[in-house]
Amino acid sequence: MVAKQIVEDIARRGNTVGDRLPPEHLMLAEYGVGRGTLRESLRYLELQGALTLKPGPGGGPIVQQPDAGMLAASLSLLLQFENAPFSTIMEARAAMEPSIARLAAQRMSAEALEELRANVVALRSGSTDTDVFTAESERFHALIAWGSGNALFGYLFDAMLGILAGATMGVEYPKRQRDHTCTIHEEIYAAISGRDPDAAADLMARHITDHTVYLKKRFRAALSQPIRWDLGG
């Protein structure tokens, strides 16, 4: 209850990232609880990524921006208890991403579209570098998820990427597959920037289907691996 009230007060005061919360003696008086309860509440919020606790003089609780890391950790823990395989993530992406692309074609801002365009260019130019290709390819999908204008899609997609990043699936993409990915990304970008929701959804559905077929053909064992809890999220 105290942690919930602290978060509500952060919103009420309009605190932003980097702001310090009131000193301990003022918070004790405001919330009417003991020092142990207050400190446990602050530690809980630190675990959630909402605060960082800076030690020493001039320190104290400082507001932070939570990210999808904790969501990824929570989801991977739940999925491990279900003994869910990594194919679960691909099935979720196949269900979500066409709708996300449709919304992005309708809502993505000019600034976000420029980021997406730059990403498509970077993917093509960096396609010979495994690390660059993987990072830019994932970022393409994340940009579209956030560009949908629906924060839940953004956080869910970031969490799914966090779960995949915590795995050692050993998936590799030969040049032909990379070139194919670059091309379909360019086509999806063209549909989104052209404000064509139907084309964006259809192209994204084809992209996810093609990717899933490739993984099933070449890396079926990796897809069947059970998801394991990754605290790093």
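A brief look at the structure comes next.

Cut-off values and rules
Residues numbered from 1 in each chain as written. Predicted model: local features only at pLDDT ≥ 70, side-chain atom pairs only at ≥ 80, totals over all residues. Heavy atoms only, no water. Helix = DSSP H or I, 4+ residues; strand = E, 2+ residues; numbered from the N terminus. Buried < 20%, exposed > 50% of the residue type's maximum accessible area, 1.4 Å probe, protein only. Salt bridge = Lys/Arg side-chain N within 4 Å of Asp/Glu carboxyl O. Phe/Tyr/Trp six-rings, centres within 6.5 Å; stacked < 30°, edge-to-face > 60°. Lys NZ or Arg CZ within 6 Å of the ring centre and 35° of its normal. Core = buried A, V, L, I, M, F, W, Y, C linked by side-chain atoms within 4.5 Å. Contact = heavy atoms within 4.5 Å. Pairing = 2+ DSSP bridges.

Glycine aside, residues mostly have negative phi angles, and peptide bonds mostly take the trans form. Even without being glycine, Asn-83 reaches a positive phi, approximately 55 degrees. Along the chain, Asn-83 turns up in the loop between α4 (69–81) and α5 (87–107). By relative accessible area, which is 53% here, Asn-83 ends up exposed.

Attention shifts here to the pattern of salt bridges. Opposite charge on two side chains permits them to pair, given that their charged atoms come into close proximity. For the coordinates displayed, the defined rule picks out twelve salt bridges. The salt bridge involving Glu-187 is made with Arg-206; its shortest N-O contact spans 3.6 Å. Here the residue Glu-187 occupies a position in helix α9 (residues 175–193), and Arg-206 occupies one in helix α10 (residues 197–218), the gap between them amounting to 19 residues. Of the residues examined, Glu-187 reaches a relative accessible area of 34% and is grouped as partly exposed. According to the relative accessible area criterion, Arg-206 is partly exposed, its value standing at 38%.

Attention now moves to the packing of aromatic side chains. Summed over all chains, the structure comprises four aromatic pairs. Between Phe-133 and Tyr-173 the ring centres are 6.0 Å apart and the planes differ by 55 degrees, which places this aromatic pair in the tilted class. Taken together, the residues Phe-133 in helix α7 (residues 130–147) and Tyr-173 in the loop between α8 (151–165) and α9 connect sequence positions 40 residues apart. Given a relative accessible area of 22%, Tyr-173 falls into the partly exposed group. In this arrangement the basic side chain of Arg-178 is found over the ring face of Phe-133, its NZ or CZ atom lying 5.4 Å from the centre.

As for its placement among the helices and strands, Ala-205 is situated in helix α10. The exposure class of Ala-205 is partly exposed, given its relative accessible area of 29%. Linking Ala-205 and Ala-101, residues 104 residues apart in sequence, is a C-alpha distance of 9.2 Å.

Counting 43 residues, the largest nonpolar core has Met-108, Leu-116, Phe-140, Ile-144, Ile-188, Ile-192 and Met-204 as the members making the most contacts within it. Here this core gets eight residues from one element, more than from any other, and that element is α5. Leave out the neighbours within four places in its chain, and Met-108 touches Leu-103, Leu-113, Leu-116, Leu-143, Ile-144, Gly-147, Ile-192 and Arg-195. Leu-21, Leu-38, Ala-50 and Val-63 belong to the second largest nonpolar core, which has 14 residues in total.

What follows deals with the side chain of His-141. Within the fold, His-141 resides in helix α7. Exposure remark for His-141: the relative accessible area of 3% places this residue in the buried category. The residues touching His-141, leaving out its near neighbours within four places in the chain, are Arg-93, Glu-97, Phe-157, His-185, Met-204, His-207 and Ile-208.

Moving on, we come to the pairing of strand β1 (residues 51–54). Along any regular strand the residues' side chains alternate between the sheet's two faces. Bridge count between β1 and strand β2 (residues 60–63): four bridges; the pairing is antiparallel. For Leu-51, the partnering residue across the bridge sits in β2 and is Val-63. Connecting the antiparallel pair β1 and β2 is a turn made up of five residues, with Gly-56 showing a positive phi of about 85 degrees.

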